[in-house]
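What the coordinates show
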Amino acid sequence: LALGKIYLEGRVGLRRNNATAYYWLQKAAANGVSEAARLIGAEISEASVTDPVSAAPLYEQASRSGVTNASLTLADWSLAGIVDLGSGTTAIDLIHQAAEQGDRRAQLRLAMCYQNGDLVSPDERQAMHWLERAAEQGSLAAQTALADHLWKNGNPAVVRWLEALASRGDPETCYRYGSVLLADGRTREGTSWIQRAADHGHPEAQLAYGLLHATPRDGKIENVPHSYKKAAFWFEKASRQGLAQASYELSRLYALRSFSLRDSGMARRYLERAAEQGHAHAQYLTGRAYWRLRVEPDADVVAVTWLVRASRQGHDAAA
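The structure contained in this document is the topic of the report that follows. Quick caveat: nothing in here was measured; it's all calculated off a predicted structure.

Structural notes on unusual backbone geometry
Phi at V12 takes a positive value of approximately 45°, unusual for a residue other than glycine. By the secondary structure assignment, V12 is in the loop between α1 (2-9) and α2 (18-30). A positive phi angle, near 65°, is found at D298, a position not held by glycine. Within the element layout of this structure, D298 appears in the loop between α17 (280-292) and α18 (299-311).

Some thoughts on the pattern of salt bridges
Under the counting rule described, the total for this entry stands at 14 salt bridges. Residue K152 is joined to D148 by a salt bridge in which the shortest nitrogen-to-oxygen separation is 3.0 Å. Of this pair, K152 and D148 both sit in helix α9 (residues 140-152), four residues apart, roughly one helical turn. The exposure class of K152 is exposed, given its relative accessible area of 60%. What makes D148 partly exposed here is its relative accessible area of 25%. The salt bridge partner of E172 is R176, with a shortest N-O separation of 2.6 Å. Here E172 pairs with R176, and both are found in helix α11 (residues 171-183), just four residues apart, close to one helical turn. E172 sits in the partly exposed class, given a relative accessible area of 28%.

Procedures and definitions
- Residues numbered from 1 in each chain as written.
- Predicted model: local features only at pLDDT ≥ 70, side-chain atom pairs only at ≥ 80, totals over all residues.
- Heavy atoms only, no water.
- Helix = DSSP H or I, 4+ residues; strand = E, 2+ residues; numbered from the N terminus.
- Salt bridge = Lys/Arg side-chain N within 4 Å of Asp/Glu carboxyl O.
- Buried < 20%, exposed > 50% of the residue type's maximum accessible area, 1.4 Å probe, protein only.

So this is what it looks like as structure tokens:
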């Protein structure tokens with residue numbers, strides 16, 4: 001047992017070596033030292049065990065004594081068909097047991113099982129319950145998955161998890177957190193997070209930051225100067241990344257009489273870019289524009305092509 005601990009921790013001049021630690025701990029466990037079995041279950045990874053079948057009883061002993069890592073290891077071996085658990089125990093039982101005992105890896109895994117219908121029947125309520133428990137224990141993967149679920153469902157509780165994740169600098173999370181803060185009226189903070197995401201190349205954030213600058217002077221957003229030129233700068237960045245709405249906003253901007261760089265040719269160019277990128281209303285407007293120009297060769301055909309593309313996206317006026 002003492003020698004096994006030394007190799008497990010890497011002490012007294014010996015390097016850490018899980019395989020050698022397992023060799024000595026297994027001998028101690030065979031001599032009835034229960035602590036050795038618990039250490040094996042808690043600290044020895046599957047990769048260090050060359051014979052899982054002979055090791056399984058030690059992991060079962062550790063699992064019964066509350067070692068969650070042992071339970072998860074047994075579950076993996078069972079699912080891989082390496083060991084037979086017997087006595088009516090299943091892999092999902094072991095995962096559930098570890099989750100109940102507070103293992104955040106097991107909680108996340110159980111949540112995914114309920115969400116995807118793996119090993120159990122799909123149950124969204126159970127999936128969210130275990131996902132939240134894992135998130136509360138600091139599981140980054142669980143926090144990310146929970147925030148994503150709440151964001152997609154418009155749940156205001158998402159702000160708690162976005163706040164925890166945004167400081168890590170992920171552009172998507174910064175954009176989402178900023179959007180939630182703006183919607184809540186916290187414009188100073190919200191704008192700051194939107195700008196951070198935009199600076200890191202997030203196209204939706206670039207569009208949102210451009211729209212903040214394009215807000216009319218009488219409805220100006222706090223800490224965001226009204227500037228059509230800055231709006232055009234950010235719209236262009238998003239447009240170049242393929243965001244159709246940004247191209248459409250550029251076409252509207254260049255058509256504005258109050259924009260000092262007003263240019264009907266640029267407005268048409270960006271309208272067609274938005275149409276090419278799949279913007280239904282831009283396709284409709286492009287079709288109308290070509291219809292007015294149908295004295296030109298094939299302009300009527302081009303017009304109908306765009307109107308058909310818009311109508312297939314459910315645009316009633318185009319239909």
